[in-house]
Amino acid sequence: MTAPAVRGFTVMKHLTALGAITGAAALALTGCGDQTPKKVTPSASGMVKAPLYDELPASVRQAGVVKVGSDMLYP
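Note that the structure is predicted; figures quoted are calculated from it, not measured. (Residues numbered from 1 in each chain as written. Predicted model: local features only at pLDDT ≥ 70, side-chain atom pairs only at ≥ 80, totals over all residues. Heavy atoms only, no water.)

1. Comments concerning the overall build of the protein
Selection rule: In this text, helices come from DSSP runs of H or I with a minimum length of four residues, and strands from runs of E with a minimum of two, each type numbered from the N-terminal end. For every residue, the accessible area (1.4 Å probe, protein chains only) is compared with the maximum for its type, and the residue is labelled buried under 20%, exposed over 50%, or partly exposed between those bounds. To measure how exposed things are, a 1.4 Å probe is used in the Shrake-Rupley method; for residues, cover is taken only from the protein chains shown.
Assigned secondary structure in the protein consists of two helices and zero strands. When the 75 residues of the protein are sorted by exposure, 0% land in the buried category. Accessible surface, the protein: about 7300 Å² in total, of which carbon and sulfur atoms supply 68%.

2. A word on the confidence of the model for the protein
The cut-off we apply is this: For every residue, the pLDDT score states the predictor's confidence, bounded by 0 at the bottom and 100 at the top. When checking whether two residues touch, look at their non-hydrogen atoms; a contact exists if any pair is within 4.5 Å.
For the protein, per-residue confidence averages 75 on the pLDDT scale, and 67% of positions sit at 70 or higher. Counting contacts from residues 1-5, a segment whose pLDDT is below 50, to residues more than four positions away or on other chains yields zero contacts.

3. A look at a nonpolar patch on the surface
How we decide: The residues that make up patches have over 30% relative accessible area and no salt bridge, and they are joined within 9 Å when like-charged or within 5 Å when they are Val, Leu, Ile, Met, Phe, Trp or Tyr. Salt bridges are identified by distance alone: a Lys or Arg side-chain nitrogen within 4 Å of an Asp or Glu carboxyl oxygen.
Residues Val-11, Met-12, Leu-15 and Leu-18 make up a contiguous nonpolar surface patch of roughly 390 Å² in combined accessible area. Along the polypeptide, Val-11 turns up in helix H1 (residues 2-30).

Right, dumping it as structure tokens:
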């Protein structure tokens, strides 16, 4: 009965090493994405449209400002 426990330990050790290698490879490849800056063309008014501009309500689009607030003390 000692052999399966020892064999199970080595299999688990190999799986742990394989997981660590896979994780390290995934993190290393994350930085290999497309890093070229995108060309942004301004609109007729000279303002640059954000990617989700068309999704904003009409009142926000007309105001031209998105106000964001937060309460740092709120748990």
